[in-house]
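Structure assessment
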Amino acid sequence: MMLQQALDNLGEGEKGVYIHFWRDRNLFNLRCLQAHIKTSQQLIHELLFADDCALVGHTQYNLQLMTTYFATAIQLLGLTICLGCFECCIKCLGGIPYASLIATILLYAGVALFCGCGHEALSGTVNILQTYFEMARAAGDVIDVFTMIDIFKYVIYGIAAAFFVYGILLMVEGFFTTGAIKDLYGDFKITTCGRCVSAWFIMLTYIFMLAWLGVTAFTSLPVFMYFNLWTICQNTTLVEGANLCLDLRQFGIVTIGEEKKICTMSENFLRMCESTELNMTFHLFIVALAGAGAAVIAMVHYLMVLSANWAYVKDACRMQKYEDIKSKEEQELHDIHSTRSKERLNAYT
C-alpha cells in the first residue's frame, strides 16, 4: 500500500526500469528480444521478494525521487524509516516508560523481600515457640498463634500473586500512555475509556499505598518483639547474675490464663540465645520490614507517574480536539475559496 501510494506520485518523466520479454520463444534466446514486434515491455519500479523490497531506476535522480516519495508516503501513514539496527533500537528505547519501569522493579523487589523473608521469619517463629517456649498447637478448631501464623502465610501467597499481576498491568498502562503522549503515534486516538482506566489506576494505587502503610506498621510489631528478646540476650551476657524474663502474655500471643514466659536463668533461654535461629529470624523480619517500605515507596512513585500521565493525556486530548477543529475550519475555508474561484471563472467565461 505504501509503495502504491508512493508510485502514484511519480510523473510521466520519472521512469523505472523497462523489462522486455518474449513469450513465444526460448527464454535465453536474446536475438528474439531485439525484434520490434511480438515483444512486450513492462515498467518496473520495485522488486519484491519475501519481505524484502528494492526500488530500481536507471539514474540516480530517479532513485532519489522514488525514495523521497516513499518516505513521504510512510510519514503520511504515521510510520518512520529505520536506516539500521542502531536507529531502530534507539526508537524502541524511546517508547519505554522508564518511570513506570523503575517503579515496577522497586515494587517487585519490595514484594519479593517482604513475602520471602516474611514467610521464612514466620516459620522460624513457629520453631522458636515450639522449641524454647514449649508451646503446642491447640486441638480442634481453636484459633491460636500457630493458626494465625498459617493465615499470615496464605496472605503472603496472595500478596505475591496479586502484586505480580498488578505490576504487569501498571507497566502495560505505562507503555500505552507513553505511546499516547508521544505525538499521538499514527492514528492513535485518546478515548474516554483510556482516561477512565488511568483514573481507576490512580485510585487503586492510592488504596494499595494505604494498605502497604498498614502492612509496614504491622510488620514493625514482630521486629519490636524480637528486638526486646535480642536485647535481653545481650544484657544477659553483659550483666552477670541478672534475672530477666520475657512473658508472651505481654504481647498478646497467649491468653491471660496461660503462663508462657522464659527467664534468663533457664536452660531454654540460654540455648535460644546461643542458637543462630533467633538472630536469623530477627534479621529476616527486619528485611521484610524494609521490603514493605520499598513497596510503599513504589506505590508513591506509581502515584506520581500515573498523575503525570493523566495530566499529559488530558492535555493531549485537548490538543487533539483543537487540531480537529482547526483542520475542519481550514477545510471550510478551502471549500469557500474553491467555490468563489469557480464562480469567478464561470462569470468570466
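Residues numbered from 1 in each chain as written. Predicted model: local features only at pLDDT ≥ 70, side-chain atom pairs only at ≥ 80, totals over all residues. Heavy atoms only, no water.

Turning our eyes to something else, we now look at the overall build of the chain. What the chain contains, in helices and strands, is 8 helices and 6 strands. Reading the chain from its N end, one meets helices and strands in the order α-β-β-β-β-α-α-α-α-α-β-β-α-α. In the chain, buried positions account for 31% of the 349 residues. Here the contacts in the chain between residues at least 6 apart in sequence split such that 71% fall between residues at least 24 apart. Total accessible area computed for the chain in this model is approximately 22,800 Å², and 64% of it derives from carbon and sulfur atoms. (Helix = DSSP H or I, 4+ residues; strand = E, 2+ residues; numbered from the N terminus. Buried < 20%, exposed > 50% of the residue type's maximum accessible area, 1.4 Å probe, protein only. Contact = heavy atoms within 4.5 Å. Areas by Shrake-Rupley, 256 points an atom, 1.4 Å probe, with all protein chains shown as cover.)

All right, on to a nonpolar patch on the surface then. On the surface, a cluster of nonpolar side chains totalling about 550 Å² of accessible area is made up of Phe164, Val165, Ile168, Leu169, Val172 and Phe176. Turning to its location among the elements, valine 165 is positioned in helix α5 (residues 145–181). Valine 165 sits in the partly exposed class, given a relative accessible area of 47%. (Patch = residues over 30% accessible without salt bridge, like charges linked within 9 Å, V, L, I, M, F, W, Y side chains within 5 Å. Salt bridge = Lys/Arg side-chain N within 4 Å of Asp/Glu carboxyl O.)

Among the nonpolar cores identified, the biggest contains 50 residues, and Leu107, Phe114, Phe133, Met135, Phe163, Trp212 and Met272 are the most heavily contacted of them. Within the residue set of this core, elements represented by two or more residues are α4 (98–131), α5, α6 (192–238), α7 (267–274) and α8 (276–348). Per-element tally for this core: the top contributor is α8, with 13 residues. For leucine 107, the contacting residues outside a window of four places in its chain are Phe163, Gly167, Ala295, Ala298, Met299 and Tyr302. (Core = buried A, V, L, I, M, F, W, Y, C linked by side-chain atoms within 4.5 Å.)

So, about the environment of asparagine 243. Checked against the element boundaries, asparagine 243 lands in the loop between α6 and β5 (245–247). Placed 22 residues apart in sequence, asparagine 243 and methionine 265 show a C-alpha to C-alpha distance of 6.2 Å. With sequence-adjacent residues up to four places away left out, asparagine 243 is seen in contact with Cys263, Thr264 and Met265.

Time to look at the packing of aromatic side chains. Tallying each qualifying case throughout the model produces 12 aromatic pairs. Aromatic side chains tyrosine 154 and tyrosine 157 sit 6.0 Å apart centroid to centroid with 85° between the ring planes, which places their arrangement in the edge-to-face category. With tyrosine 154 and tyrosine 157 both in helix α5 and 3 residues apart, this pair spans about one turn of that helix. On the basis of relative accessible area, tyrosine 154 is assigned to the exposed category, the value being 61%. Using a relative accessible area of 45% as the deciding quantity, one classes tyrosine 157 as partly exposed. Considering the side-chain rings of tyrosine 166 and phenylalanine 201, the 6.2 Å spacing of their centres and the 55° angle between planes classify their relative orientation as tilted. Here tyrosine 166 is found in helix α5, whereas its partner phenylalanine 201 is found in helix α6, with 35 residues between them in sequence. The same class applies to tyrosine 166 and to phenylalanine 201, which are both buried. (Phe/Tyr/Trp six-rings, centres within 6.5 Å; stacked < 30°, edge-to-face > 60°.)

Attention now goes to the state of the cysteines. The final tally for this structure, using the stated rule, is 0 disulfides. Summary of cysteine pairing: cysteine 115 is not part of a disulfide, and the nearest cysteine sulfur, belonging to cysteine 117, is at 9.8 Å. Take cysteine 117: its relative accessible area is 14%, and that puts it in the buried class. (Disulfide = S-S within 2.5 Å.)

This part takes up a negative patch on the surface. On the surface, Glu323, Asp324, Glu329, Glu330, Glu332 and Asp335 cluster together to form a negatively charged patch. Relative to the elements of secondary structure, glutamate 323 occurs in helix α8. Among the residues examined, glutamate 323 registers a relative accessible area of 40% and is labelled partly exposed. (Lys, Arg positive; Asp, Glu negative; His and termini not counted. Charge placed at Lys NZ, Arg CZ, Asp CG, Glu CD.)

The next subject is the environment of valine 287. Tracing the backbone through its elements, the reader meets valine 287 in helix α8. Between the C-alpha atoms of valine 287 and alanine 121, which are 166 residues apart in sequence, the distance is 9.7 Å. The contact partners of valine 287, leaving out residues within four places of it in the chain, are Leu113 and Cys117.

Moving on, we come to the side chain of lysine 153. Along the chain, the position of lysine 153 falls in helix α5. An unpaired buried charge is present at lysine 153: no salt bridge exists, and aspartate 150, the closest side chain of opposite charge, is 4.7 Å distant. A polar contact is formed between the side chain of lysine 153 and the side chain of serine 123, at a distance of 3.1 Å. In this structure, lysine 153 is in contact with His119, Leu122 and Ser123, ignoring residues within four places of it in sequence. (Polar contact = N/O pair within 3.5 Å; in protein donor to acceptor, adjacent residues only side chain to side chain.)

Looking at the chain as a whole, its pLDDT mean stands at 76, while 68% of the residues score no less than 70. Helix α1 (residues 2–8) is the least confidently modelled element of the chain, averaging 53 in pLDDT, while α4 averages 91, the highest of any element. Within the model, the stretch residues 183–188 combines pLDDT values under 50 with 8 contacts to residues more than four positions away or in other chains. (pLDDT = per-residue confidence, 0-100.)

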